[in-house]
Structure formats: C-alpha cells, structure tokens
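Reading the structure
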Amino acid sequence: MRVFLAGATGAIGRQLVPALVAAGHEVAGLTRREEKALDLEAAGATPVVCDLYDPRLAEFVAAFKPDVVIHQVTDLPSKQSLIPLKLLGINRARRRGTDILVDAARTAGATRFVAQSIAFDVPGIVRGAVDHLEAATLAYPGIVLRYGVFYGPSAWTPDRPKGSATVHVTDAAARTVDLLDAEPGVYRIVDEAD
C-alpha cells in the first residue's frame, strides 16, 4: 500500500516509518522540519516537508496518491510536565488537524484513514478534542487507534511508567502496521499486562 504518514518524525512516527517500509509499504512522511527529511529518507520514506496547517498539504497528499492516510500528529511537548503549556496545540492537532487530514485523504481518494487516539483518561479540556478526532475518523469510515502512554526510544521515558494503559513505541508501531487492513472501528493498543 501507499501510506501517507502525518507525524512521521514524532515518538511513534520514528518507529512506524521503518516498520511500514519493512512490511513492503511505500511511505511518504510529513515533517515540519527540513533537517528531519534526511532521517525519513534514510528510513526509506519519501519526505514531505510541510506544516499540517499549510494550505498546500492537500496537494502534497494528492500527489502521493495514498491508499492510506495515517494521522499521528499530536504536538506534544518534549517533557510530560509541559503538557499544560501545549494544550491549545494538542487540541488543535486533534480538531483542526484531523479535519484537514480527513479532507486531504478524501480528495486524494485514500480508501483508509487511521488516527492516533488515547486509551487513558484525560481532563475535560482535552476530552472534546479527542472525541472530535475519533468521530471524524470513524465517519470516514476509518480506524481509531487508542494507544497507551508511550515509552521507549523518543518517548518521554525509556522505561515503562507506573500505572495502566502503557505501550512501548515499537510495539505500538508494529500493531499499527498489523491493523492497516482491519475493519473500520476502534482498537486499543496497550501492553498485554494492561
């Protein structure tokens, strides 16, 4: 399949690009930073340097002619303690970012839309944006992936955090690849112990 991955250089994106390539998929990876384009090329993906909110994004998606568009954009900060400072950006990625990617996927004729959601409780200020992302994805009809809290390379912590609803980023990437052919719906991706 041809896969357009938004959020290709984030915590899961860094694991997901090589996993998709290893599974035989052709991947275009969206990144905001020119310097990360080389990392995407080295992983076997076609880099697309563009901001999620850039009006040209739909053209870039359509030019790639994807079968699948995957939304892994979260706009998370580098440290978990900084989340309160990033809530507007996180919610914007889940609301406006989802709408932009859904529209781009439809315009490009993608048969599948997959989006990152969460498998843990969040405060009300975040819940509405998560609900929006899930509703828009399911209406595609698409696949909602409710991930646990990430740990491992490029995540906030290399070790499994205390509590439930966690998932190692490499496991999350592998399970995402496995679910590309799944029926539309909601899938929970957490450690087996959870």
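See the structure shown above.
Quick caveat: nothing in here was measured; it's all calculated off a predicted structure.

On to the sheet that holds strand E2 (residues 26–31). Sheet architecture is open: seven strands sit in the order E3-E2-E1-E4-E5-E6-E9, paired in parallel fashion. Each edge of the open sheet is held by one strand with a lone partner, namely strand E3 (46–49) and strand E9 (185–189). This sheet shows a mean twist of 20° between the axes of neighbouring strands, independent of strand direction. Sitting on the sheet, helix H5 (residues 124–139) touches strand E4 (68–71), strand E5 (112–118), strand E6 (143–147) and E9, and the angle it makes with E5 is about 160°.

Our next topic: the environment of Phe 4. For Phe 4, the position within the fold is in strand E1 (residues 2–6). Separated by 66 residues in sequence, Phe 4 and Ile 70 have C-alpha atoms that sit 6.2 Å apart. Setting aside residues no more than four positions away along its own chain, Phe 4 makes contact with Ala 28, Leu 30, Val 48, Leu 57, Phe 60, Val 61, Phe 64, Pro 66, Val 68, Val 69 and Ile 70.

If you walk through the whole model with that rule in mind, you get six salt bridges. For Asp 131, the salt bridge identified is with Arg 127, shortest N-O distance 3.1 Å. Note that Asp 131 and Arg 127 are positioned in helix H5 at a spacing of four residues, about one turn of the helix. By relative accessible area, Asp 131 is classed as partly exposed at 39%. Using a relative accessible area of 27% as the deciding quantity, one classes Arg 127 as partly exposed.

Taken as a whole and judged by the stated rule, the model has two aromatic pairs. Here Tyr 147 and Phe 150 contribute two aromatic rings whose centre-to-centre distance is 5.2 Å and whose plane-to-plane angle is 55°, an arrangement assigned as tilted. Neither Tyr 147 nor Phe 150 differs from the other in exposure class; each is buried. In this structure, Arg 2 packs its charged tip against the face of Phe 64, placed 4.1 Å from the ring centre.

Another aspect to go through is H5. An ideal rise of 1.5 Å per residue puts 22 Å on 16 residues; H5 measures up with 23 Å between its terminal C-alpha atoms. Here H5 has its buried residues at Val 126, Ala 129, Val 130, Leu 133, Glu 134, Ala 136 and Thr 137. All buried residues of H5 fall inside an arc of 165° around its axis, so they share one side. Exposed residues pointing more than 90 degrees away from the buried face of H5 are listed as Gly 124 and Ala 139. The inward-facing, buried residues of H5 abut E4, helix H4 (83–108), E5 and E6.

Criteria and thresholds
- Residues numbered from 1 in each chain as written.
- Predicted model: local features only at pLDDT ≥ 70, side-chain atom pairs only at ≥ 80, totals over all residues.
- Heavy atoms only, no water.
- Pairing = 2+ DSSP bridges.
- Helix = DSSP H or I, 4+ residues; strand = E, 2+ residues; numbered from the N terminus.
- Axes fitted to C-alpha atoms, helices over the stretch in contact; angles between N-to-C directions.
- Contact = heavy atoms within 4.5 Å.
- Salt bridge = Lys/Arg side-chain N within 4 Å of Asp/Glu carboxyl O.
- Buried < 20%, exposed > 50% of the residue type's maximum accessible area, 1.4 Å probe, protein only.
- Phe/Tyr/Trp six-rings, centres within 6.5 Å; stacked < 30°, edge-to-face > 60°.
- Lys NZ or Arg CZ within 6 Å of the ring centre and 35° of its normal.
- Expected span 1.5 Å × (residues − 1).
- Arc of directions from axis to C-beta.

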